[in-house]
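Remarks on the overall topology
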Amino acid sequence: MTLVKTAIGRRSFIKSSALAGGGLMLGFNWLASCKMTPEQVNNLPKEWFEINGYLKIADNGQVTIMSPNPEGGQNVKTAMPMIVAEELDIDWKDVLVEQAPLNTDLYSRQFIGGSQAIRTSWEGLRMAGASARHMLKSAAAETWQLPIEEITTESGTVYHKSSEKSASFGEVASAAAQISVPEEVELKAISDFKIIGTSKKNVDGHKIVTGKPLFGIDTHSEGMLTAMIVHPPAFGMKFKSMDDAPVKSMPGIHDVFTIKVLEDEYERQHFDTCTFLEIVAIVGNSTWEVMNAKKAISVEWEPFETYNEERQPYRGPKQTLTIPAGLESSDDHKTKMIAMASKKAKVVRKDGNPEAAFRKAAKVVERTYTAPFLAHNCMEPMNFFADVKSDSAQLSGPLQKAELTEQAVAKRLGIPVEQIDVELTRLGGGYGRRSYAHWALEAAVISQKMKAPVKLVYTREDDMTGGIYRPAYQVIYKAALDSNNNLTALHINAGGIPESPLYANRFPAGAVDNYLAESWTIDTNITIGSFRAPRSNFMASAEQSFLDEVAEVIGKDPIDFRLGLLKKAQENPVGEKNDYDAERYAGVLKLVKEKSNWDKNDATRNQGVAAYFCHNSYAAQVVDMTWENDKPNIKKVTCAIDCGIVVNPDAAANLCEGGIVDGIGNALYGELTFKEGVPEKSNFDSYRMIRMSESPKEIDVHFVKNDIDPTGLGEPTFPPVFAALANAMYKLTGKRYYQQPFLSKDKA
Amino acid sequence: MAKFNLNINGKQREIDVDATTPILWVLRDHIKLVGTKYGCGIAQCGACTIHLEGNAVRSCQLPVSSVGDKKITTIEGLSEKGDHPVQQAWLEIDVPQCGYCQAGQIMTASALLEKNPNPSDEEIETAMNGNICRCGTYTRIKKAVKIAANSINA
C-alpha cells in the first residue's frame, strides 16, 4: 500500500453542507424512473451520510459517488467514480453515480480539455475513496472498541476478523460521517485493484438509449423562453442596423434586440474568444416560431476596422492580438502561407549546425504540407440555459470550462460568482468547441434583459459559420541525407493562420544531430479554438507522412526507420528538452507492428503506419486498406496505445476507436473554406462528415500494460491516424498526400 | 395556429401550433419528448429520426400538417422498458460516446430490422449512412445492429 498525504486535495474533503442541501443536485430521479415493488420500497435508503465531497453512503449500504467533471463522450462519468469506488472498497453494483454541479470549493479542474481528466484527478479520486474507507474503519474501531489496525474492509463491509465482527458500510456510515478527515491515507496497491482495469458499462447508457433528457438542449423550465441569434454572415463584418418591426409582431415573438456579448473594458482570458461582439437576439415562445422570425428578419452589416484585442492566455504573458479588417478568402490564405516560406521565421529550437549539414548533404528531401480550417461540428448545436435574477443566476448547459464560464458571466452580469449556480449537462460532443462559451454569456445577457429563464439555441448554420475553428496550417519539412543515407539534419518551418502548430521539442527533435525548428503566424479575423489534439492534429500528419517518405528514399522499412531514430533519442539524445520518452514511444510502434502483422505485409495488403506522442500518451497505428470503385476502403486500423493504467478498458477502446474514425473523416473530407469572409459551408449537405460506409470495417485497439499513472486518452489516437492513412493511400495510389483533406474535390 | 390530433407512442395528443411546424419541434417543445434530437434541420444528419407508420423518417422535415392520423413512434416509445432488441444490443456493445446521435441511430436501425431482419453489412451501411456520429462509433453501431438482428431472429 502507498501512504499518501491528503493535504493536496484536502479542501475537497472538508465536509460541506453545500452538497447536501443544494438545489442543484439532480436528486434521486432513478427512484421514480420505474414502478417499484413494496419490497424495493422497503429497501430504499432512508438516510444518506455525507462522508466527503465525492461520496455519501446510505443506511442500506448504497453509495452515491459524484462525478466531478463534465461528460462529453469520454466516459469520465463512469471512470471517475470507478476510481473512488475502488479505494472505498465497495462493489460497483452498489454505486450510484451523479453528475456534480460546478463547485470550486469541493473540486478542482472540472474541465474537459487536454485529455487530462483522469490524469489530474487520479490521486484526488483515490484519496476520496481511501479517506472515506479510513473513516468507516475508524467508526467501526470506535464502536467495537478495537484498534483500527485490526479492522479490514471488503466489498462494502468492515470486518474485525479475529472476533468475527462485521458491519456493512451503511451501518457505520452515520458514525463515520462524524469522524474527522484523516491526515494521511493508505492507497491500495495496484495489484489489488478489483474495479479499475475491468470494463464497466456507461452509467448513462440506459438513459441514452431510451431518450431521457441529458443534454443542455433538453433543458426546460417553467416560463422558459427560447432565444436564437443572428450573427454577421461574414468574418470581418459587424452589425450596422436592422428592421425588426415586422419580426416583432410575428406569432410567438416576445422581443428582438441587439446584445453586446462582451463589454469593451472586459479583460479576456484564454477561452474568452468571441467571434461576433454584437449580435441580434430574437426571443419567443417556441423554437419554430423563433426560427421563422430569424428567417424573416432583415439585418444590415458593415465591415469593421482593424482593432487590437488584449488577452491573458492559458500560459505565459498577456498577448495583444491584432484583428485585421477585411473579408478574407481561402485563396488569399494560400498565397500568404506560401509567401511565408521565404520570409525570416522565428527560430524556436536549434541543435548542431543545420546550415552546414544541409550544405554538405548528398541528398535533400523537402515537402510542404497544408491543412484547412475545420469546424468542430458537435452533433448537439451550441446552446445554453440561463435564468438571471436581479442578484443571482442559475446557469445550465454543456460546458468544457465551467469555472471560467462562470467567472466571465459574473463579470458580464455584475453578479458575484457566489450568487451563480452552474449545472453541468452532458455534452453532445465537445472536441474543444465548448471551451469557448460565448453563447453562455449571450444566454445570460438575454435572460437578464428579458427577466425570464431563457434557453438559447444555435441553428446548425449559426454554429458552423460562427468561428472558433481549427486553424489553417502549413509546414515545410526538409531532411538532409549524407552519402550513406543517414539523416544528418532536419529543418521544420511551421506556421498557421493565426497560430503556429509547431512543437519544437517533440520527436524527431532529440534524434537528429542538426535540427532547426522555426515558426510564424499570419493574422486573421477568423476566430480559432482548440480542436481535438490542437496543433498535434496537424503536426502528426505532416511529420509522420514525411518520415515515411524519407524512409522510402533511404530504402528502410518505415517502422524500422522510426525505431532507429528513437533508439538514438534514447541512447544518445541531442539537446536536453526533448519532451517524450523514447522507450515508450518505441514500445507502441513495436506493439502495433506485432498486432498488425506488419512483417507479413505482402502485395495484396496495403498498410501505412504512424506514431505520435501527445497529451502524455503514446499512440501508434497501422491502416490496412484497399481502393475500390475509385474510393478508399479501410479494412482495418490496428492501434497500440500507452496511456498508463487503463481504468475502464472497453470504454477506453471505444474512445480510441472514435479518435481513429474522427481522424480518418477529417483527413479525407474535413475542410472549411472562405470566400470574401463568408464560410463556404454551413450545414451537413456541403460539409462532409465521415459516415458508416466510409469508416474502417474493423478497429483493433491494444493497450500497453504497465503500472504508470493514467494519462490522456481522448486526443492521442486522433493525430497519428491522418498520417497512417496517407501512408497507406500512397501504397495504393502511388501518390503522396500533402494537402488536407486528401479527397478534396478542388484538388487534382 | 391550428389544432392537430397526433398519435404519438400510442397516445392521442392534441396540440395547437403553426401548421408548418416540423414534428421535431412539436415533440421537443410542445409534447416535451426531447429524446428526438435536433442536429441539422435539413434531413442530413439523422439525429431527429422517428418512425412514421414504422418507417424511419427525418422529423425535422416533416410538417405537423402532413402527418394526419399516422402513427408516430419516438425513441421514448420504441419499447416500454427500454428493452427493444436494438436498445439491448446498444447497451451490450456499450455503443455511445457523447450519445447525442444515438436515439436517431437506434430509430434507423430498428426500422431497418423491422423490414429486413437479417441485413448484410452493405445493407446495414446503406440504411445507416444517413446518420452521422461525430464521435465515430460506427464500428460499434454496426456490431450492435448485427447482435440485435441475431436476437430478433433467435
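Residues numbered from 1 in each chain as written. Chains lettered and ligands numbered in written order. Predicted model: local features only at pLDDT ≥ 70, side-chain atom pairs only at ≥ 80, totals over all residues. Heavy atoms only, no water.

A closer look at the overall build of chain A
Along its length, chain A carries 20 helices and 32 strands. Over its C-alpha trace chain A gives a radius of gyration of 28 Å, about what one expects of a compact globule, namely 27 Å for 748 residues. Projected onto the principal axes, the alpha-carbon positions of chain A cover approximately 80 × 75 × 50 Å. Burial statistics for chain A: of 748 residues in total, 62% are counted as buried. Of the contacts made within chain A by residues no fewer than 6 positions apart, 76% connect residues no fewer than 24 positions apart. Here chain A has roughly 28700 Å² of accessible surface; of this, 48% comes from carbon and sulfur atoms. (Helix = DSSP H or I, 4+ residues; strand = E, 2+ residues; numbered from the N terminus. Rg over C-alpha atoms; globule rule 2.2 N^0.38 Å. Buried < 20%, exposed > 50% of the residue type's maximum accessible area, 1.4 Å probe, protein only. Contact = heavy atoms within 4.5 Å. Areas by Shrake-Rupley, 256 points an atom, 1.4 Å probe, with all protein chains shown as cover.)

Section: the interface of chain B and chain A
On the chain A side, the residues contacting the 53 residues of chain B number 58 residues. Between chain B and chain A lies a buried interface of about 4700 Å² when both sides are counted; carbon and sulfur atoms form 57% of it. It is B:Q97, B:R134 and B:Y138 in chain B that bury the most area against chain A; as a group they hold 17% of the surface buried on that side. At the junction of chain B and chain A, the tally comes to six salt bridges. For B:R134, the salt bridge identified is with A:D662, shortest N-O distance 2.8 Å. Elements with a minimum of two residues in the side of chain B that touches chain A: α1 (23-31), α2 (85-93), α3 (102-115), α4 (121-128) and α5 (138-153) of chain B. Partitioned by chemical class, the residues of the side of chain B that touches chain A number 23 nonpolar, 17 polar and 13 charged. (Buried area = accessible area lost by both parts, 1.4 Å probe. Salt bridge = Lys/Arg side-chain N within 4 Å of Asp/Glu carboxyl O. Nonpolar A, V, L, I, M, F, W, Y, C, P; charged D, E, K, R; others polar.)

Quick word on the packing of helix α13 (residues 402-413) of chain A against helix α14 (residues 438-450) of chain A
Residues and elements named next belong to chain A. Close contact between α13 and α14 brings their axes to 10 Å; oriented N to C, the two are set at 35 degrees. Considering how the two elements wind past one another, α13 and α14 form a crossing that is right-handed. Where α13 abuts α14, its residues T405, A408, V409, R412 and L413 lie against A440, L441, A444, V445 and Q448. Of the residues assigned to the contact of α13 with α14, the class counts are seven nonpolar, two polar and one charged. (Axes fitted to C-alpha atoms, helices over the stretch in contact; angles between N-to-C directions. Left-handed = near helix turned anticlockwise from the far one by under 90°.)

Overview of unusual backbone geometry
Residues and elements named next belong to chain A. Going from I497 to P498, the amide bond is cis rather than trans, its omega being 0 degrees. Relative to the assigned elements, P498 resides in the loop between β25 (487-497) and β26 (514-521). Q740 connects to P741 through a cis peptide bond whose omega is -5 degrees. With respect to the helices and strands, P741 occurs in the segment after α20 (718-733).

Overview of the pattern of salt bridges
Residue and element names in this part refer to chain A. Here the structure, examined in full by the defined rule, presents 45 salt bridges over all chains. In this structure, R412 engages E263 in a salt bridge whose closest nitrogen and oxygen atoms are separated by 3.2 Å. Placement of the pair is R412 in helix α13 and E263 in the loop between β12 (253-260) and β13 (268-269), with a sequence separation of 149 residues. Owing to a relative accessible area of 15%, R412 belongs among the buried residues under this scheme. With a shortest N-O distance of 3.2 Å, K593 and D560 are connected by a salt bridge. With K593 in helix α18 (residues 582-595) and D560 in helix α17 (residues 558-571), the pair connects residues that are 33 residues apart, well separated along the chain. Given a relative accessible area of 38%, D560 falls into the partly exposed group. The network of salt bridges with shared partners includes R367, D548, E549, E552, R562 and R736.

Comments concerning the nonpolar core
Membership of the largest hydrophobic core comes to 216 residues, with the highest contact counts inside it found for A:I446, A:Y580, A:F703, A:L725 and B:W90. Leave out the neighbours within four places in its chain, and B:W90 touches A:V209, B:V95, B:P96, B:Q102, B:Q105, B:I106, B:A109, B:I141, B:A144 and B:V145. Formed by 48 residues, the second largest nonpolar core is a distinct cluster that contains A:I151, A:A173, A:A176 and A:I179. (Core = buried A, V, L, I, M, F, W, Y, C linked by side-chain atoms within 4.5 Å.)

A word on the domain arrangement of chain B
Residues and elements named next belong to chain B. Partitioning chain B into structural domains gives domain 1 (2-77) and domain 2 (85-153). Here the C-alpha centre of domain 2 lies 21 Å away from the C-alpha centre of domain 1. Contact with domain 1, which involves 17 residues of that partner, is made by 13 residues of domain 2. Run the count over domain 1 and domain 2 and you get zero salt bridges. For the pair domain 1 and domain 2, the interface holds nine residue pairs in polar contact (both at pLDDT 80 or more). Going through the elements one at a time, β3 (49-52) and β4 (55-58) are the ones with two or more residues in the side of domain 1 that touches domain 2. The residue makeup of the side of domain 1 that touches domain 2, split by class, is six nonpolar, nine polar and two charged. (Domains from an automatic or database assignment. Polar contact = N/O pair within 3.5 Å; in protein donor to acceptor, adjacent residues only side chain to side chain.)

Digging into the packing of helix α16 (residues 536-554) of chain A against α20(A)
Residues and elements named next belong to chain A. Where α16 contacts α20, the two axes come as close as 7 Å, and the packing angle between them is 35 degrees. Two packed elements cross with a definite hand, and for α16 against α20 that hand is right-handed. The residues of α20 that touch α16, namely those facing S536, N537, A540, S541, Q544, S545, D548 and E552, are F718, P719, P720, F722, A723, A726, N727 and Y730. Broken down by class, the residue content of the contact of α16 with α20 amounts to eight nonpolar, six polar and two charged.

Topic: the sheet that holds β26(A)
Hydrogen bonds between backbone groups are what pair the strands of a sheet, and the pairing can be parallel or antiparallel. Residues and elements named next belong to chain A. In space, the five strands of this open sheet follow the order β18-β26-β25-β24-β19, with mixed pairing throughout. Strand pairing shows two members of the sheet lacking a second neighbour, β18 (346-351) and β19 (363-371), which therefore form its edges. Averaged over all pairs of adjacent strands, the angle between their axes in this sheet comes to 10 degrees, without regard to strand direction. Pairing geometry for β19 and strand β24 (residues 472-481), over nine bridges, is antiparallel. When the bridges of β24 are listed, T368 appears paired with I476. (Pairing = 2+ DSSP bridges.)

What about the sheet that holds strand β2 (residues 48-52) of chain A?
Residue and element names in this part refer to chain A. Reading across from one edge, β2-β3-β4-β5 is the order of the four strands in this open sheet, with mixed pairing throughout. A strand with exactly one partner marks an edge of an open sheet, and here the two such strands are β2 and β5 (95-99). Strand-to-strand, the axes of this sheet are offset by a mean angle of 25 degrees, without reference to chain direction. Where β2 meets strand β3 (residues 55-58), four bridges bridge the pair, whose relative direction is antiparallel. Following the sheet pairing, F49 is matched in β3 by I57.

Some remarks on the environment of B:A56
All names here are of chain B. By the secondary structure assignment, A56 is in strand β4. With 28 residues separating them along the chain, A56 and R28 place their C-alpha atoms 18 Å apart. The contacts of A56, once residues within four sequence positions are left out, are T49, I50, H51, M107, T108 and A111.

A look at the domain arrangement of chain A
Residue and element names in this part refer to chain A. Segmenting chain A into domains produces domain 1 (2-200), domain 2 (216-307 + 382-457) and domain 3 (341-374 + 469-733). Buried area between domain 1 and domain 2, both sides added, is near 1400 Å², and the carbon and sulfur share of it is 63%. Here domain 1 is connected to domain 2 by zero salt bridges. Broken down by class, the residue content of the side of domain 1 that touches domain 2 amounts to nine nonpolar, five polar and one charged.

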